[in-house]
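Chain by chain, the residues:
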Amino acid sequence: LGGLIARAALPLLQEYSSKMFTFLTFSSCHLGIFQDRISLFNTGFWVLKKWRQSVFLTQVSMGDHDNPRETFLYKLSKARGLESFQHIAFASCFEDQYGPLQSARAEICPEWDAQPDKEVYREMVENMWAVVRPERVRRLDVNFVISENNLDAFIGRTAHIQFLECQQLMRMLVHNYSALFR
């Protein structure tokens, strides 16, 4: 959620573009939440979306318009701002279903061949990166080695929360990727 809010704000912050240095997101669903497979998470997400009638949940599942190219996320993929940063880092985790790996990495993946809107997702990726210099982009894959066998781990919540709570990850980022913070 935070990464999407920050990206949505970038066009409004163009007067500060010369001061932008690093754009770092943790497991943000830049391309939305794919509901292409049956899982406990997707079932719960569908129920929550229907029950709460949340605008955000509808937007992040690209259900806010019948035409996917008219959705909030598609339009956000065309918004400018990322090109102003010297460094762009997207951290993702395979175990996190709240911020799916492909969406958090914002890259084209072969699994999309089964998606009915695969061309829309490809366009979104191309839109996002069209004006960004590739050498400025880093994708960080994190493995939290979750040994718990509880409901939170099963639905991918544990991995998502670890991005907020794992101090070792923060220390590793500051130490190993110090260039992002200078």
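Residues numbered from 1 in each chain as written. Predicted model: local features only at pLDDT ≥ 70, side-chain atom pairs only at ≥ 80, totals over all residues. Heavy atoms only, no water.

**Some points on the overall build of the protein chain**
Test applied: Only runs of H or I of at least four residues qualify as helices and only runs of E of at least two qualify as strands under DSSP, and these elements are numbered from the N terminus. Any residue under 20% of the maximum accessible area for its type is buried, any over 50% is exposed, and the rest in between are partly exposed; the area is computed with a 1.4 Å probe on protein chains only. Should any heavy atoms of two residues lie within 4.5 Å, those residues are considered in contact.
Looking only at helices and strands, one finds nine helices and three strands in the protein chain. Taken from N to C terminus, the helices and strands of the protein chain fall in the order α-β-α-α-α-β-α-α-β-α-α-α. Counting all 182 residues of the protein chain, 41% fall into the buried class. Nonlocal contacts in the protein chain, meaning residues at least 24 apart in sequence, comprise 72% of its contacts between residues at least 6 apart.

**Considerations on the nonpolar core**
Worth spelling out the cut-off: Only buried Ala, Val, Leu, Ile, Met, Phe, Trp, Tyr and Cys residues count toward a nonpolar core, and they belong to the same one when joined by side-chain atoms within 4.5 Å.
Among the nonpolar cores identified, the biggest contains 27 residues, and Leu82, Ile88, Met124 and Trp129 are the most heavily contacted of them. At the level of elements, helix H4 (72–78), strand S2 (87–93) and helix H6 (118–129) are the ones that each hand at least two residues to this core. Ignoring sequence-local partners within four residues, the contact set of leucine 82 consists of Arg7, Leu10, Phe23, Ile88, Met128, Trp129 and Val132. In this structure, Ala91, Val142, Cys166 and Leu169 belong to the second largest nonpolar core, which totals eight residues.

**Thoughts on H6**
Keep this limit in mind: One fewer than the residue count of a helix, multiplied by 1.5 Å, yields its expected span.
Counted at 1.5 Å a residue, the expected span for H6 with its 12 residues is 16 Å, and the 17 Å between its end C-alpha atoms agrees. When H6 is considered as a whole, its buried residues turn out to be Val120, Tyr121, Met124, Val125, Asn127, Met128 and Trp129. In this fold, the buried residues of H6 make contact with helix H1 (2–9), H4, S2, helix H5 (101–105) and strand S3 (137–142).

**Here we look at the pattern of salt bridges**
For clarity, the threshold we go by: A side-chain nitrogen of Lys or Arg and a carboxyl oxygen of Asp or Glu constitute a salt bridge if their distance falls within 4 Å.
Summed over all chains, the structure comprises seven salt bridges. Arginine 105 is paired through a salt bridge with aspartate 141; the nearest N and O atoms lie 2.6 Å apart. One end of the pair, arginine 105, is in helix H5; the other, aspartate 141, is in strand S3, and 36 residues separate them in sequence. On the basis of relative accessibility, which here comes to 53%, the residue aspartate 141 falls in the exposed class.

**Focus: a nonpolar patch on the surface**
Under the convention used in this document: Residues enter patches when their relative accessible area tops 30% and they take part in no salt bridge; the joining distance is 9 Å for like charges and 5 Å for the nonpolar side chains Val, Leu, Ile, Met, Phe, Trp and Tyr. The Shrake-Rupley method, run with a 1.4 Å probe sphere, supplies the accessible areas, and residue values consider only the shown protein chains as cover.
Among the surface-exposed residues, Leu12, Leu13 and Tyr16 lie close enough to one another that they form a single nonpolar patch of about 320 Å² accessible area. The topology assignment puts leucine 12 in the loop between H1 and strand S1 (22–26). The class of leucine 12 is exposed, set by a relative accessible area of 70%.

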